[in-house]
Amino acid sequence: MMKYLFLILVLPMGLRGQNLYTAKSMSLKGKVKSIAETTQYAYPPQKLATMKMQSPIPTLYSFNQRGDLTEKSIGADIKYVYQYDRYQHYLSGGKKYVYSEKIKADIMFIRVKDGAFWEELTFYKKMTEKLRIDYLSPVHCKISHTIGGKVIDEKEIYYQKPYSYSKIDYILRDGKKEVYTYNDQGEVATITFYDEKGEVSNSYRYEYVYDAQGNWVEKKQTFQTPIPDKYPEIVHREITYYN
């Protein structure tokens, strides 16, 4: 059960360490009402011939007219409900609802923000999960993710512009470096990975299809070098807007 829990917990955090609680922070344009997002994988023909195809699990985002994220659902089993303070500036509390045959629980989480740091705490019956961001400079922050006191992920992020905390310049993790570039629409175009010796180990490239509002509705990922048991993602979005 704990293994199943861990897989669920990692999904909403995201590898970028970004705050996904507003349409603006998700770089969405126009008055977005909802997003239905599905991810498929570009499997090689030899693997397709031997595997059983499954329908992709959709992720649904819902926004209010202010652009605040109010709900996030992953399939039929996981639902996040977000609540805001009276100023509607940032999240002050909420619940994670997890429904499945293996797990039936209502899980509380809170967020604490105090200038130099921000953290989200999730309380379980026998453990606490913590996601903490320490702002070390206008372009530099440190992110740590722990479960039950055990460090799951730790990285330092450097941003391109002071106080924006949006476009990443590069990430340092375990002595390795990830460098980001962006296209004209502000989306991630490439991520180049460097090993401990400073040599390029791989790179990801992203291509997009956009709707009339300028939001991407398809994102294709390619790898410079194939990765064992990992396949490029193809993400599709259906976006609805407020009138």
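Structure: see above.
Overview of the structure. (Residues numbered from 1 in each chain as written. Predicted model: local features only at pLDDT ≥ 70, side-chain atom pairs only at ≥ 80, totals over all residues. Heavy atoms only, no water.)

**A word on the packing of aromatic side chains**
Consideration 1: Under the criterion given, the structure shown has seven aromatic pairs.
Consideration 2: Plain terms: the ring middles of Tyr-204 and Phe-223 are 4.7 Å apart, the flat faces sit at 35° to each other, and that makes the pair tilted. Of the two residues, Tyr-204 sits in strand E14 (residues 200–210) while Phe-223 sits in strand E15 (residues 216–223), which places them 19 residues apart along the sequence.
Consideration 3: Taking the relative accessible area as the measure of exposure, Tyr-204 reaches 12% and is therefore buried.
Consideration 4: Each member of the aromatic cluster is reached from another via a ring pair, and the members are Tyr-41, Tyr-43 and Tyr-231.
Consideration 5: Across from the ring centre of Tyr-182, 5.4 Å away, lies the NZ or CZ of Lys-167, which sits over that ring.
Consideration 6: For the cation-ring pair, Arg-237 lies above Trp-216, with the distance from its terminal atom to the ring centre recorded as 3.7 Å. (Phe/Tyr/Trp six-rings, centres within 6.5 Å; stacked < 30°, edge-to-face > 60°. Helix = DSSP H or I, 4+ residues; strand = E, 2+ residues; numbered from the N terminus. Buried < 20%, exposed > 50% of the residue type's maximum accessible area, 1.4 Å probe, protein only. Lys NZ or Arg CZ within 6 Å of the ring centre and 35° of its normal.)

**Concerning the side chain of Ser-144**
Consideration 1: Within the secondary structure layout, Ser-144 lies in strand E9 (residues 140–147).
Consideration 2: With relative accessibility at 14%, the residue Ser-144 sits in the buried group.
Consideration 3: Not counting residues up to four positions away in its chain, the partners in contact with Ser-144 are Lys-130, Leu-131, Arg-132, Asp-153 and Glu-154. (Contact = heavy atoms within 4.5 Å.)

**Topic: the pairing of E9**
Consideration 1: Among the eight residues of E9, seven are classified as buried, and the element is accordingly described as predominantly covered.
Consideration 2: The pairing of strand E8 (residues 128–137) with E9 spans eight bridges and is antiparallel. By the bridge assignment for E9, Lys-130 is matched with Thr-146.
Consideration 3: Turn length for the E8-E9 hairpin, with the two strands adjacent in sequence and antiparallel, is two residues.
Consideration 4: Hairpin connection of E9 to strand E10 (residues 150–159): two residues between the antiparallel strands, including Gly-148 at a positive phi of 60°. (Pairing = 2+ DSSP bridges.)

**Side note on unusual backbone geometry**
Consideration 1: If you check the backbone angles, Ser-27 has positive phi at about 60° while not being a glycine.
Consideration 2: Along the chain, the position of Ser-27 falls in the loop between helix H1 (2–13) and strand E1 (32–41).
Consideration 3: A residue is classified by how much of its surface remains accessible, and Ser-27, at 39% relative accessible area, is partly exposed.
Consideration 4: With a phi close to 55°, Asp-174 is a non-glycine residue in the positive phi region.
Consideration 5: Summarising the element assignment, Asp-174 is placed in the loop between strand E11 (168–173) and strand E12 (176–182).
Consideration 6: By relative accessible area, Asp-174 is classed as exposed at 66%.

**Thoughts on the pattern of salt bridges**
Consideration 1: All chains considered together, the criterion is met by seven salt bridges.
Consideration 2: For Arg-66, the salt bridge is made with Asp-68, and the minimal N-O distance between the two is 3.6 Å.
Consideration 3: For Arg-66, a relative accessible area of 58% puts it in the exposed group.
Consideration 4: Lys-220 is the salt-bridge partner of Glu-218, the closest N and O atoms lying 4.0 Å from each other.
Consideration 5: Here the salt bridges share partners, and the residues they tie into one network are Asp-153, Lys-155, Arg-173 and Glu-178. (Salt bridge = Lys/Arg side-chain N within 4 Å of Asp/Glu carboxyl O.)

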